[in-house]
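Observations on chain architecture
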Amino acid sequence: MMESFAYIGFWGHAAVGFFFSALSVWSFHQYGERNTQQTVIIGALALTAGWGVATIMAGPGGFAAESMETARNLGWLCFLYVLLKSGGAEKQPRTIVMIYAVLLAVLLIQPALDYAEHYFESLAGLNGAALAAEQSAQLFRMLFAIGAVVLVHNLYTGSAPEARWGVSLPMAALAAMWMYDLNLYTISYMTGERPVELVATRGLMVALMAPVFALGSRRNSAWRIKLSRSVTFQSVSLLAIGAYLLGMILLATALEFLGGTYVRLAQITLVFAMSIGAMMFLPSGKFRAWLNVIIAKNFFQHRYDYRSEWMRFADTIGFPSTDAAPFHERVIKSLADIFESPSGLLLTRDEENRLVLQARWNWPTADVPTFAGISQTIPFFECSGHIAVMDDIRNGTDERCDQRAIPQWLYDETRAWAIVPLVHFGRLEGIAVLARPPIKRQLDWEDLDMLRVVGRQLASYLAESTSQQALAESRQFEQFNRRFAFVMHDIKNLVSQLSILSRNAEKHASNPEWQADMVATLKGSVDKMNDLLVRLSQHSQSRQVTVEAIDIEKTIFAVTHSKRLIYPIVTDLSPGMMALADPSRIETILNHLVQNAIEATDDGSPVRISASRQDNEIAIRVTDNGCGMSETFIANQLFKPFESTKDGGFGIGAYEARALAQSLGGQLRVESRQGKGTRMTLLLPAAPAETKADREPDEDDKKMNEAA
């Protein structure tokens, strides 16, 4: 078995030497005029080939093989750095290079540890020192493998989408190589000896990557790296976790090296305490906020990822979910999220131009008075647009801020951090007060620019919200005025009807039948007045239309019964007509038409009402011999509100009648000639159900026919 592994190991590393040597020579001739990136690739390929040859000659554990492995890792680390530099690393702060510097330092220390291991092994009686040097060398190789895998992950996920096709193959090959090394050295450290199987197949695994590097080299013209903030945060977190684990292992190893009776108990206590500390410290919001600040300050030119911040802002303020907070709370949240503020307040102007608390977000303890501003607050922030930091104001270091504009409650509120005026076209729409973030920091020029831009955008949203609210109120008044106009028109009709009734009372007061009809008419007028008051109420703005099959004869009789007391009306009705309509709306339409016909007739000639079936419609005609209307008036003025030919008329009746007819799916047609009279025809959908002609007349039908 051991001979088989030795055979596999020999030919595997030989394949590494052959394939990577051929690949480096091919790349040398392929590129022609070589740039820095291509030169580094050729060097890394040549060093990998040298590692394969050295392993054959000195054996997997020989000093020459270990030194060439370090050189190989150095070559590929330089390759990663050149890729980073091609994506703009020279424009980044120096801190980002520290990750590479740490791994470079590990590689520079590695040969000394390897040499110490072999040196102590050659001396008798220093087996303990040799073991310690070997374990230290393995720890350093584990540390490099962890860091290298993190860098590969960072560069791939941070590359431009169009460049990932070209960079994916070499990144995958490098990740596989270093993950294999990490597993190898982790098992070696844990077991105290190198696993023969992994050592033997290591060369074969690396040799299989040569074609992958060859394909990737043909794509390298598309390589372009751009560092990502989220990826950087994940990478730094992974590095921190890896360093933490290595630190734990080193401390545990140091305790074992020191020895003693309670060494095992001390190791268990150390691992347990560090694990509990990590679980309590690392997930905390304060630690994450601190890490975000450190990364933003040291790894990027700009503090904010403007694209992601603006998308989050738009999602918060513009696309609320069904369970989202109210609009004004979202205004505060959208601003606070950008600056990692845990809470905030929104002050807006009331009708008397005084600042009042409009909304709070996660700040229930803030003691805000009824009037949150003082006399100088609105003028100062409206004119200056100054973003004030309460710590600077309390310390007296903010020279631009007029301290007379800051109300006392903001001084007393220790959590108050930043005051952001929301100004839209020179008008202060509101003021946002942000609470202090978990990590104390000063606002720099980039923070202030971000606050100004977001503040202006939020001010425009507030102004639009105020305009929409004013428009909604205006529409409510418009609806009320429209209803009021209809009600006034109906009241005028009732007053006219009651006036004629009172005049006729002098002639017919002694007639008992007329008296009974008069009482019924008065009761009907009172009921109609109460109905008008209900219609005027804001709670009955949109009464649901109830469409049902109604008897046209009964409906016309209900309308004409009271009208006959004040004016002669003649009806000509065909029995058994049923229409689909709302009874109350049909009565309102007919009342308008009959009243207009009565008022248009001066000679006492009767108003005629007829009804008949026309195909799938019921036609109700109201005809008078009055003054009539011109064609121009019918075309341009009849159905417009507040247009009337009568003295004291409102011009509402015909307008409301047509609107009600259309709401029922019907029509209102007009035929008129000046001096000849007018015919108004109401067309309604006929009911398809059983008609009145299909059944025997009941008592109500008989009474109605007798009265007609």
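Residues numbered from 1 in each chain as written. Predicted model: local features only at pLDDT ≥ 70, side-chain atom pairs only at ≥ 80, totals over all residues. Heavy atoms only, no water.

A word on the packing of aromatic side chains
Definition in use: Centre distance within 6.5 Å is the pairing criterion for rings of Phe, Tyr and Trp, where only the six-membered ring of Trp is used; planes under 30 degrees apart are then read as stacked, over 60 as edge-to-face, and the remainder as tilted. Remark: exposure states derive from per-residue accessible area (1.4 Å probe, protein chains only) relative to the maximum for the residue type, with buried under 20%, exposed over 50%, and partly exposed in between. Secondary structure elements are taken from DSSP: a helix is a run of H or I of four residues or more, a strand is a run of E of two residues or more, and numbering for both begins at the N terminus. Whether a charge sits over a ring depends on NZ of Lys or CZ of Arg being within 6 Å of the ring centre and within 35 degrees of the ring normal.
With the rule as written, the count across this model stands at ten aromatic pairs. Seen in terms of ring centroids, phenylalanine 18 and phenylalanine 19 are 5.4 Å apart; in terms of plane orientation they differ by 70°. Their pairing is edge-to-face. A relative accessible area of 56% places phenylalanine 18 in the exposed class. Residue classification places phenylalanine 19 among the partly exposed positions, given a relative accessible area of 42%. Residues tryptophan 76 and phenylalanine 79 carry aromatic rings whose centres are separated by 5.6 Å and whose planes lie at 85° to one another, so their mutual orientation is edge-to-face. In this pair, tryptophan 76 and phenylalanine 79 are both assigned in helix α3 (residues 63-86), three residues apart and thus about one turn of the helix distant. In terms of burial, tryptophan 76 and phenylalanine 79 fall into one category: buried. Each member of the aromatic cluster is reached from another via a ring pair, and the members are Phe63, Tyr115, Tyr119 and Phe120. Over the aromatic face of tryptophan 51 sits the side chain of arginine 72, whose NZ or CZ is 4.8 Å from the ring centroid.

As for the confidence of the model for the protein
Regions with low pLDDT should not have their predicted coordinates read in detail. Defined as follows: Residue-level confidence of the predictor is what pLDDT reports, using numbers from 0 through 100. Whether two residues are in contact is decided by their heavy atoms: any pair within 4.5 Å suffices.
Here the protein shows a mean pLDDT of 77. Residues at 70 or above account for 72%. Here helix α23 (residues 699-707) is the element of the protein with the lowest mean pLDDT, 45, and strand β5 (residues 427-435) is the one with the highest, 95. Of the regions scoring below 50 in pLDDT, residues 690-708 engages in 24 contacts with residues more than four places distant in sequence or in other chains.

Observations concerning the side chain of glutamate 413
This is how the line gets drawn: Only four residue types enter the tally: Lys and Arg on the positive side, Asp and Glu on the negative side, with His and both chain ends excluded. Here a salt bridge means any side-chain nitrogen of Lys or Arg lying within 4 Å of a carboxyl oxygen belonging to Asp or Glu.
Among the secondary structure elements, glutamate 413 is positioned in the loop between α16 (408-412) and β4 (416-424). Here glutamate 413 is buried and forms no salt bridge, its nearest opposite-charge partner arginine 415 lying at an N-O distance of 5.4 Å. The contacts of glutamate 413, once residues within four sequence positions are left out, are Trp363, Thr365, Ala366, Asp367 and Arg394.

Focus on the environment of arginine 400
Here arginine 400 is to be found in the loop between α15 (390-395) and α16. Taking the relative accessible area as the measure of exposure, arginine 400 reaches 56% and is therefore exposed. The sequence separation of arginine 400 and histidine 386 amounts to 14 residues, and the corresponding C-alpha distance is 7.7 Å.

Observations regarding the pattern of salt bridges
In total, this model carries 15 salt bridges according to the counting rule given. For glutamate 69, the salt bridge is made with arginine 202, and the minimal N-O distance between the two is 2.7 Å. One end of the pair, glutamate 69, is in helix α3; the other, arginine 202, is in helix α7 (residues 196-207), and 133 residues separate them in sequence. The class for glutamate 69 is buried, based on a relative accessible area of 4%.

As for the packing of helix α20 (residues 583-600) against helix α22 (residues 653-663)
To be explicit about the condition: The convention used is that axes are lines fitted to C-alpha atoms, helices contributing only their stretch in contact, and that angles between N-to-C directions extend from 0 to 180 degrees. Each angle receives one of four descriptions, namely roughly parallel if under 35 degrees, roughly antiparallel if over 145, roughly perpendicular if within 65 to 115, and oblique otherwise. Throughout, a crossing is termed right-handed when the near helix is turned clockwise from the far one, and left-handed when it is turned anticlockwise from it by less than a right angle. Each residue receives one of three labels: charged for Asp, Glu, Lys and Arg, nonpolar for Ala, Val, Leu, Ile, Met, Phe, Trp, Tyr, Cys and Pro, and polar for the others, Gly being one of them.
Where α20 meets α22, the axes come as close as 9 Å, and the angle between the chain directions of the two elements is 150°. What the angle tells us is that α20 and α22 run roughly antiparallel. Between α20 and α22 the crossing geometry is left-handed. Listed contacts from α22 to Arg585, Thr588, Ile589, His592, Leu593 and Asn596 of α20 are Gly653, Ala654, Glu656, Ala657, Leu660, Ala661 and Ser663. Residue classes in the contact of α20 with α22 are distributed as six nonpolar, five polar and two charged.

A few points about the nonpolar core
Filter applied, for reference: What is meant by a nonpolar core is a set of buried Ala, Val, Leu, Ile, Met, Phe, Trp, Tyr and Cys residues, joined one to another through side-chain atoms within 4.5 Å.
Trp76, Phe79, Leu80, Met171, Leu174, Trp178 and Phe213 are the most contacted members of the largest nonpolar core, which totals 41 residues. Secondary-structure elements contributing two or more residues to this core are α1 (2-31), α2 (36-58), α3, α4 (95-122), α5 (127-157), α6 (164-191), α7 and α8 (210-218). Contacts of leucine 174, omitting those with residues within four sequence positions, involve Trp76, Phe79, Leu80, Val152 and Phe213. Counting residues in hydrophobic clusters, the runner-up holds 38 residues, among them Val559, Ile618, Leu664 and Leu682.

As for the sheet that holds strand β12 (residues 677-685)
Here is the rule: Two strands are counted as paired when DSSP detects at least two bridges linking them.
Judged by pairing direction, the sheet is mixed, and its five strands sit side by side in the order β7-β9-β10-β12-β11 without closing on themselves. Strands with a single pairing partner mark the edges of an open sheet, and in this sheet they are β7 (569-573) and β11 (667-673). The average angle at which neighbouring strand axes cross in this sheet is 15°, direction not considered. Here strand β10 (residues 617-624) runs beside β12; their pairing, made up of eight bridges, is antiparallel. Considered in β12, the bridge of alanine 619 is made with leucine 683. The strands that α20 touches are β7, β9 (607-614), β10, β11 and β12; relative to β10, the one it contacts most, it runs at about 25°.

Considering the environment of phenylalanine 10
Along the chain, phenylalanine 10 turns up in helix α1. Relative accessible area serves as the criterion here: at 40%, phenylalanine 10 is assigned to the partly exposed category. For the pair phenylalanine 10 and glycine 52, spaced 42 residues apart in sequence, the C-alpha separation works out to 9.2 Å.

Focus: the sheet that holds strand β3 (residues 388-389)
The strand order β2-β1-β5-β4-β3 describes an open sheet built from five strands, whose pairing is antiparallel. Single-partner strands in this sheet number two, and they are β2 (355-361) and β3. Examined bridge by bridge, strand β1 (residues 344-349) and β5 share five bridges and lie antiparallel to one another. Bridge assignment links leucine 346 to a residue of β5, and that residue is alanine 432. Docked against the sheet, helix α13 (residues 327-338) engages β1, β2, β4 and β5, running at close to 65° with respect to β2.

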